[in-house]
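One letter stands for each residue in the lines below.
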Amino acid sequence: MKNVGMITFHESDNYGTVFQAFALQEIIDRLGYRPKIINYQRTDHYTSSKSSKFVHLKNALCEYSGRKFFYYKKSKDYFGSKKSKFSEFREAYLKRTTEIYSSFSELERTSRNYDAFTCGSDMIWSTDRADDIRVYFLDFVESRKRIAYAPSFGKSGVAVEFERQYSELLSKLGSISCRESGGVQLIKELTNKTDICHVLDPTLLIQGKEWIDMFDLKKTSEKYILCYLFENQYKEVEHLINEIRKQKDYKVLIIPMTTDDLLSNELELKTGIGPIEYLELFSNAELVFTNSYHGLMFSLIFNKSFFVVQRKKNDHWSQFQDRLVSALDVFDISNRIIDSETEIEDLEIDLNYSNINKIIVGKREESISYLSESLTKSVM
């Protein structure tokens, strides 16, 4: 059996990060190869999140100073538990190398251990998220072994000062694909290559029922609206959520991203929401509000009605909005984007999945075919 080394983001406590790594690993395994995630660790600057537990603790102390001990303890317990669950998930489900790598030069000696390498998915080609960008183009191994599966630039272009470096790195890849249609066009412009494949995020390569069966997800009869929103955007669409909950008699459950989310939640949280609980919340939801890329992916996977909340123009994550727009365009559902000005009369709450699922099935077949053919060519 041939060995495939995987370079991707996997080490941060982010739901989408760990699931995209798991999903690509799973598909490579199904194709008859032995996948292994190369345990490359980015520096803290790139893995720390604005919603890290330290930020939550700081917010708790600043925002609720009059009752700070209670909120400090609740935040500490919740986010500490969440961190532990991510560690347990990686240990149980991600096939990582025992050796940890922290530099490009250390990775160069891995070449002889693998017959092929994949880079992707996630925003590995964003200079905002990667420390040494050469790592995420597999520049430490010979070209024929390099396969790009669904990496993302995160946005529609690269800064002028990086264009030459990106052009050179892209040109040395053996097989190239990208997760966003805008990224496909960008690669063509930077390389003059035309055989660039547009593929699905790895999570969409696994069907909803398979996700449920693999992780033995629990079912619930409770009807609820699920909110998974970065940058305190819950307040911007709260008027819509409250109108829908009145009409449908649903509860509102929030996956906490801030201290305020944690404290105002109708979800009784005794411990942190780990990756598996995250899947359960999506699989059982009646309706989803999200501004997260993988919040969108798992809404699609589980065939949920959803709305994507337009990110605020002045916040850090607004520059990565193209990823969500591109995905919605692929499935011909760009009308699911809303913002703070949207009124309840503008919404069509129910979502018909007949056409969406046809597109997913077709793109899934194309994506797996691309990966299979690239692996075959690489290990010859």
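Preceding this section is the structure that the text describes.
Calculation notes
Residues numbered from 1 in each chain as written. Predicted model: local features only at pLDDT ≥ 70, side-chain atom pairs only at ≥ 80, totals over all residues. Heavy atoms only, no water. Helix = DSSP H or I, 4+ residues; strand = E, 2+ residues; numbered from the N terminus. Buried < 20%, exposed > 50% of the residue type's maximum accessible area, 1.4 Å probe, protein only. Polar contact = N/O pair within 3.5 Å; in protein donor to acceptor, adjacent residues only side chain to side chain. Contact = heavy atoms within 4.5 Å. Phe/Tyr/Trp six-rings, centres within 6.5 Å; stacked < 30°, edge-to-face > 60°. Lys NZ or Arg CZ within 6 Å of the ring centre and 35° of its normal. Axes fitted to C-alpha atoms, helices over the stretch in contact; angles between N-to-C directions. Parallel < 35°, antiparallel > 145°, perpendicular 65-115°, else oblique. Nonpolar A, V, L, I, M, F, W, Y, C, P; charged D, E, K, R; others polar. Expected span 1.5 Å × (residues − 1). Pairing = 2+ DSSP bridges.

*Asks:* How do you make sense of the side chain of S326 when you look at a structure like this?
*Replies:* Inspection of the secondary structure puts S326 in helix α13 (residues 322-330). Taking the relative accessible area as the measure of exposure, S326 reaches 7% and is therefore buried. Separated by 3.2 Å, the side chain of S326 and the backbone nitrogen of S181 make a polar contact. If sequence neighbours within four positions are ignored, S326 has contacts with E180 and S181.

*Asks:* What am I meant to see in the packing of aromatic side chains here?
*Replies:* Remark: the centre distance and the inter-plane angle together describe each pair of aromatic rings, the angle taken between the planes. Per the counting criterion, the structure on display carries 36 aromatic pairs. Its end group placed over the ring of F9, R42 keeps NZ or CZ at 3.6 Å from the ring centre. In this arrangement the basic side chain of R179 is found over the ring face of Y293, its NZ or CZ atom lying 3.8 Å from the centre.

*Asks:* Which parts of the structure should I look at to understand the packing of helix α12 (residues 293-301) against α13?
*Replies:* Each pair of packed helices gets described by two things: the angle between the helix axes and the distance between those axes. Where α12 contacts α13, the two axes come as close as 9 Å, and the packing angle between them is 20°. The angle between the axes of α12 and α13 places the two elements in the roughly parallel class. Within the contact between the two elements, α12 uses Y293, L296 and M297 and α13 uses R323, L324, A327 and L328. Of the residues assigned to the contact of α12 with α13, the class counts are six nonpolar, no polar and one charged.

*Asks:* Which parts of the structure should I look at to understand the environment of V184?
*Replies:* For V184, the location among the structural elements is in helix α7 (residues 181-191). Each C-alpha atom, one on V184 and one on S152, is 9.5 Å from the other, the two residues being 32 residues apart in sequence.

*Asks:* What should I look at first to understand the environment of R134 in this one?
*Replies:* With respect to the element layout, R134 can be found in the loop between β3 (116-119) and β4 (146-148). Taking C-alpha positions, R134 is 9.0 Å from Q165, a pair spaced 31 residues apart along the chain. Sequence-distant contacts of R134, that is, excluding residues within four places in its chain, are made with F104, D139, Q165 and L169. Among the polar contacts listed, one links the side chain of R134 to the side chain of D132, at a separation of 2.8 Å.

*Asks:* How should helix α1 (residues 15-30) be read in this particular structure?
*Replies:* Side chains three or four residues apart in an α-helix point the same way, a direct result of the helix having 3.6 residues per turn. End to end, α1 covers 22 Å across 16 residues, agreeing with the expected 22 Å (1.5 Å per residue, within 8%). The backbone nitrogen of G16 lies 3.0 Å from a side-chain oxygen of the residue at the head of α1, namely N14.

*Asks:* Help me out: how do you make sense of the pairing of strand β1 (residues 3-7) in this one?
*Replies:* Two faces, one strand: in a regular strand the side chains alternate between the faces of the sheet. The buried fraction of β1 is high, at four of five residues. As paired strands, β1 and strand β2 (residues 34-37) are joined by four bridges and run parallel to one another. When the bridges of β2 are listed, G5 appears paired with K36.

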